[in-house]
Each structure stands twice: as C-alpha cells, then as structure tokens.
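# Coordinate analysis (summary)
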Amino acid sequence: MGGAIRDWAGMWRGGFSRGALTGDALRAKLLALEDGLSLCWEGGFRKVSCECDCLEAVTLFQDRSTDRDYLHKHYDVIRRIKCMLDRDWVVYVSHIPREINLVAHTLANWGV
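Residues numbered from 1 in each chain as written. Predicted model: local features only at pLDDT ≥ 70, side-chain atom pairs only at ≥ 80, totals over all residues. Heavy atoms only, no water.

Named according to an unreviewed UniProt entry, the protein is Ribonuclease H protein At1g65750 family originating from Cajanus cajan.

When you go through the protein residue by residue, the secondary structure sums to four helices and four strands. With 112 residues in all, the protein has 39% of them scored as buried. In the protein, of all internal contacts separated by at least 6 residues, the share reaching a separation of at least 24 is 70%. (Helix = DSSP H or I, 4+ residues; strand = E, 2+ residues; numbered from the N terminus. Buried < 20%, exposed > 50% of the residue type's maximum accessible area, 1.4 Å probe, protein only. Contact = heavy atoms within 4.5 Å.)

Moving on, we get to the pairing of strand β1 (residues 2-6). Pairing between β1 and strand β2 (residues 12-17): five bridges, direction antiparallel. Across the sheet, G3 pairs through a bridge with F16, a residue of β2. Where β1 hands over to β2, the hairpin turn is made up of five residues, of which G10 adopts a positive phi near 85°. (Pairing = 2+ DSSP bridges.)

A word on helix α3 (residues 75-85). Within α3, the full set of buried residues consists of V77, I78, I81, K82 and M84. Axial view of α3: buried residues confined to an arc of 155°, hence all on one face. (Arc of directions from axis to C-beta.)

A few words now on the packing of aromatic side chains. Applying the stated rule across the entire model yields one aromatic pair. With centroids separated by 5.1 Å and ring planes inclined at 80°, the aromatic side chains of W41 and W89 adopt a geometry described as edge-to-face. Of the two residues, W41 sits in helix α1 (residues 25-42) while W89 sits in the loop between α3 and β4 (90-95), which places them 48 residues apart along the sequence. The aromatic ring of W41 is capped on one face by R46, whose charged end is 3.6 Å from the ring centroid. (Phe/Tyr/Trp six-rings, centres within 6.5 Å; stacked < 30°, edge-to-face > 60°. Lys NZ or Arg CZ within 6 Å of the ring centre and 35° of its normal.)

Turning to the pattern of salt bridges, a few remarks are in order. Scanning the model with the defined rule gives seven salt bridges in all. With a closest N to O distance of 2.9 Å, D24 and K73 form a salt bridge. With D24 in the loop between β2 and α1 and K73 in the loop between α2 (55-59) and α3, this pair connects stretches of sequence that are 49 residues apart. Owing to a relative accessible area of 29%, D24 belongs among the partly exposed residues under this scheme. Of the charged contacts in the structure, one is a salt bridge between D53 and K29, with a shortest N-O distance of 2.7 Å. Note that D53 is positioned in the loop between β3 (47-52) and α2 and K29 in helix α1, a separation of 24 residues in sequence. Members of the salt-bridge network, linked through shared partners, are R27, E34, D76 and R80. (Salt bridge = Lys/Arg side-chain N within 4 Å of Asp/Glu carboxyl O.)

Moving on: the nonpolar core. By size, the foremost hydrophobic cluster in this structure holds 25 residues, and its most contacted members are L30, L37, F61 and I81. Elements supplying a minimum of two residues to this core: α1, β3, α2, α3 and β4. By residue number, the principal contributor to this core is α1, which donates seven residues. With residues up to four places along the chain from it excluded, the contact list for L37 reads I81, M84, L85, W89 and V91. (Core = buried A, V, L, I, M, F, W, Y, C linked by side-chain atoms within 4.5 Å.)

So, in structure tokens, the structure goes:
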C-alpha cells in the first residue's frame with residue numbers, strides 16, 4: 001500500500017509505502033488511508049483532502065448510518081479511522097479515478 005501527501009499547491013510533503021502480509025484489496029486501501037491520515041496528523045496538517053480510488057472505502061466514511069459497522073470484516077481498521085476523523089481537524093474523503101492516483105499506486109508497488 002502507499003500514498004502521497006501534498007500541500008495545497010500540489011507540492012510533495014511526504015509519502016509512504018509498505019506491504020501488507022494478510023487481507024484483501026479493501027483492507028489494503030483502508031490501511032493506506034489510516035497511514036496517510038496518521039502522517040498528516042503528525043505533520044501538523046489540520047485541513048486535509050484525502051483522495052482514494054476505492055469507492056467502497058470512501059463510502060464507509062461519508063454521511064451514513066454507522067449502526068452496523070461492527071459487522072464489517074474490517075471493523076478494526078474502520079473504527080480506528082473513524083476515531084482519527086473525530087479529532088479536532090477537517091478531513092474530506094473523496095473518490096477519484098484510479099488513473100489520477102498513479103503516484104500512490106507507484107508507492108504501493110514499492111511496498112510489495
């Protein structure tokens with residue numbers, strides 16, 4: 001998994017890449033989202049636009065009922081991300097096409 005962190009002007013501020021020993025593609029996307037949000041928080045960013053090419057992952061964090069989240073097989077990661085999103089900052093999570101997310105995919109391939 002991997003991701004890139006850029007500032008408001010699109011300038012590189014950091015990135016990450018690592019392999020995941022177990023899990024499916026959705027879990028990898030969720031773990032990448034968690035890693036990216038952690039880096040942003042630790043880096044002092046308090047207004048973040050998070051772009052992800054996995055629509056299933058994005059919809060987990062948009063306005064919807066969370067009553068049944070505990071039934072999801074990736075509940076552990078979902079819960080940690082939701083706790084991060086509840087911190088004192090502004091985070092927008094949005095879906096983008098995979099073709100636009102080439103830097104993150106390159107970093108993810110390095111982590112394999």
